[in-house]
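# Structural overview
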Amino acid sequence: MESGTLSLEEIQKRIEQLSPEQALEEIKAANGDLVLLDIREPHEHAEAHLEGDVLVPPVEVAERIDELAPDTSQRLILYCRSGARSARAANLLQEQFGYDNVANVEGGILAWQEAGLPVDEAEGLTSEQRERYSRHTMLPEFGVEGQVKLLNSKVLLLGAGGLGSPTALYLAAAGVGTLGLVDDDVVDESNLQRQVIHTTDRVGEPKTESARKSIEALNPDVEVIEHRTRLSAENVLEIIKDYDVIVDGADNFPTRYLLNDASVRLRKPVVSASILAFDGQISTFVPFEGPCYRCLYPTPPPAELAPSCGEAGVLGVMAGVLGLLQANEVIKLVAGIGEPLIGRLLLYDSLGTRFTELKVRRDPNCPVCGPNAEEIPQSEMGKFPDYEAFCAR
Ligand SMILES: [Zn+2]
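## So, helix 16 (residues 316-335)
End to end, helix 16 covers 29 Å across 20 residues, agreeing with the expected 28 Å (1.5 Å per residue, within 8%). Directly beyond the C-terminal end of helix 16, a positive phi value near 70° is found at Gly336.

## Some points on the sheet that holds strand 2 (residues 35-38)
Here we have five strands laid out as an open sheet, ordered 1-6-5-2-4, and parallel in their pairing. The open sheet has two free edges, formed respectively by strand 1 (16-18) and strand 4 (54-55), since each of these has just one partner strand. For strand 1 and strand 6 (residues 102-105), the ladder comprises three bridges, and the chain directions are parallel. Bridge pairing links Glu16 to Ala103 in strand 6. Contacting strand 1, strand 2, strand 5 (76-79) and strand 6, helix 2 (residues 20-30) crosses the sheet at an angle of about 90° to strand 1.

## What to know about the packing of helix 4 (residues 61-68) against helix 5 (residues 84-96)
At a minimum axis separation of 11 Å, helix 4 and helix 5 run at an interaxial angle of 65°. Like other packed secondary-structure pairs, helix 4 and helix 5 cross with a definite hand, here right-handed. From helix 4, Val61, Ala62 and Ile65 reach across to helix 5, where they touch Ala89, Leu92 and Leu93. In the contact of helix 4 with helix 5, the residues fall into six nonpolar, no polar and no charged.

## A look at the coordination of the zinc ion
Surrounding the zinc ion are the protein donor atoms Cys292 (SG), Cys295 (SG), Cys366 (SG) and Cys369 (SG), which sit 2.2 to 2.3 Å from the metal. Classification of the site at the zinc ion as tetrahedral follows from its four donor atoms and the range of 95 to 118° in their angles at the metal. The sequence pattern describing where the donors of the zinc ion fall on their chain is C-x2-C-x70-C-x2-C. Taken together, the residues Cys292 in the loop between strand 13 (279-285) and helix 14 (293-296) and Cys366 in the segment after strand 15 (354-359) connect sequence positions 74 residues apart. By the burial criterion, Cys292 is buried, and Cys366 matches it.

## With respect to the domain arrangement of the protein chain
Once the domains are mapped, the protein chain shows domain 1 (3-121) and domain 2 (153-390). Here the C-alpha centroids of domain 1 and domain 2 sit 54 Å apart.

## Some words on the environment of Leu93
Mapped onto the elements of the fold, Leu93 is located in helix 5. A relative accessible area of 0% places Leu93 in the buried class. Expressed as a C-alpha distance, the spacing of Leu93 and Ala29, which sit 64 residues apart in the sequence, is 23 Å. Excluding anything up to four places from it in sequence, Leu93 contacts Val61, Ile65, Leu76, Leu78, Gly98 and Tyr99.

## What about the pairing of strand 5?
For a regular strand, the rule is simple: side chains alternate between the two faces of the sheet. Neither face of strand 5 is left uncovered, since the one carrying Leu76 and Leu78 and the one carrying Ile77 and Tyr79 both have all their residues buried. In this sheet, strand 6 lies alongside strand 5 in parallel orientation, the contact comprising three bridges. Bridge pairing links Ile77 to Ala103 in strand 6. Crossover handedness for the path strand 5 to helix 5 to strand 6: right-handed.

## Quick look at the nonpolar core
Among the nonpolar cores identified, the biggest contains 37 residues, and Val155, Leu157, Leu171, Leu179, Ile215, Leu322 and Val330 are the most heavily contacted of them. Sorting the residues of this core by element identifies strand 8 (154-158), helix 10 (164-174), strand 9 (178-182), helix 11 (207-218), strand 11 (245-248), strand 12 (270-276), helix 16 and strand 14 (344-349) as the ones contributing at least two each. Looking at this core, the element that brings in the most residues is helix 16, giving eight residues. Setting aside residues up to four positions removed in sequence, Val155 forms contacts with Leu171, Val176, Thr178, Leu179, Gly180, Tyr243, Val245, Val247 and Val330.

## Remarks on the packing of aromatic side chains
Following the criterion strictly, the structure yields four aromatic pairs and no others. With a centroid separation of 5.4 Å and 80° between ring planes, the pair formed by Tyr257 and Tyr293 is classed as edge-to-face. Note that Tyr257 is positioned in helix 13 (residues 253-265) and Tyr293 in helix 14, a separation of 36 residues in sequence. Plain terms: the ring middles of Tyr293 and Tyr297 are 5.3 Å apart, the flat faces sit at 55° to each other, and that makes the pair tilted. Following the ring pairs from residue to residue traces out a cluster consisting of Tyr257, Phe285, Tyr293 and Tyr297.

## Here's the deal with the pattern of salt bridges
Under the counting rule described, the total for this entry stands at 20 salt bridges. Arg294 is paired through a salt bridge with Asp261; the nearest N and O atoms lie 2.8 Å apart. With Arg294 in helix 14 and Asp261 in helix 13, this residue pair connects regions lying 33 residues apart in the sequence. Taking relative accessible area as the criterion, Arg294 reaches 9% and is therefore assigned buried. Owing to a relative accessible area of 8%, Asp261 belongs among the buried residues under this scheme. By sharing partners, the salt bridges in this structure join Glu205, Glu209, Arg212, Lys213, Glu216, Glu226 and Arg228 into a single network.

Reading the values: rules and limits
- Residues numbered from 1 in each chain as written.
- Predicted model: local features only at pLDDT ≥ 70, side-chain atom pairs only at ≥ 80, totals over all residues.
- Heavy atoms only, no water.
- Helix = DSSP H or I, 4+ residues; strand = E, 2+ residues; numbered from the N terminus.
- Expected span 1.5 Å × (residues − 1).
- Pairing = 2+ DSSP bridges.
- Contact = heavy atoms within 4.5 Å.
- Axes fitted to C-alpha atoms, helices over the stretch in contact; angles between N-to-C directions.
- Left-handed = near helix turned anticlockwise from the far one by under 90°.
- Nonpolar A, V, L, I, M, F, W, Y, C, P; charged D, E, K, R; others polar.
- Donors = N, O, S within 2.8 Å, 3.2 Å for Na, K, Ca; no water.
- Tetrahedral: all angles 85-135°; square planar, octahedral: opposite > 155°, others 65-115°.
- Buried < 20%, exposed > 50% of the residue type's maximum accessible area, 1.4 Å probe, protein only.
- Domains from an automatic or database assignment.
- Right-handed = clockwise from strand over helix to strand, strands pointing away.
- Core = buried A, V, L, I, M, F, W, Y, C linked by side-chain atoms within 4.5 Å.
- Phe/Tyr/Trp six-rings, centres within 6.5 Å; stacked < 30°, edge-to-face > 60°.
- Salt bridge = Lys/Arg side-chain N within 4 Å of Asp/Glu carboxyl O.

If you want it as structure tokens, here you go:
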């Protein structure tokens, strides 16, 4: 009878069936003197497989068996996901190729894992992810562990504009699992010179929506959360509370102070950069480990010294340079590698191509993170002084 016309049940009756426990015992005792075949596809094998096996997808069994087991009396143990594909392959080898010592693992690797027996597992990454992030995972300092941390991380970007665009693109490519975007603006033609996440045909669209489209096209692993609003004293705590790291690309001082005070209170690290004309600067604020934004700038500069990019002009690539330095800081913080810019202010002069680093210390008189800073009572949570006064135009 042609095996192709037999039901799975009939095939299983013809083949020696081993429980996972029996198979494991035999594999151990054989000490390498048997051939263990995984009859599945490569991506299934990559996720989890039995130690010491050989992957042979179903379509390759007939052509490869000669090379894998030249002697037809060789003991063969076959398995697959649930035991069906391997049973058919075992039947083929037994009936058509003359192998007379073939067994099948009943219930496959699923039953094996259910029984709590050991498998070689790719921790936390699917086979698609192993492929996509292979240049990360092959870095010994980063590894699968670092990638899993990125995939489980939640990063909030304040602004989907100049700094936010490159930061978001690279964090998305890197596999940050959740990216929140706070922006209430729409894409304008004058943005496209530096805000590379947006495109010409999306002029007039909300920036968060345009950014979400680019991110989703780049990496389906990333979940984008749109906060189509302006950060305010009323919403800041609620918006930032679920994120691990916040990236401050805000273009105005009231928002920077507001974010600082809220992030110190919730102990959220903030990577903060700014760009103007041909200059940029960046630092990383980890509450109580290093200075906060107010330690660095106890009072905001007068408004005429803090023009927005729209009024003052900025070299487009500045957004890219500082935006990617931001992304680099975020990745280090999340993966727990390297030395973040805590207590250091890095200045970049693009015309001279010079980086300068300044030390920044915690201010013992800081009203927010200093030792004498007053705990704001629970009833005051979410209420902040009127920052508009700082930057009245
Ligand atoms: Zn401070």
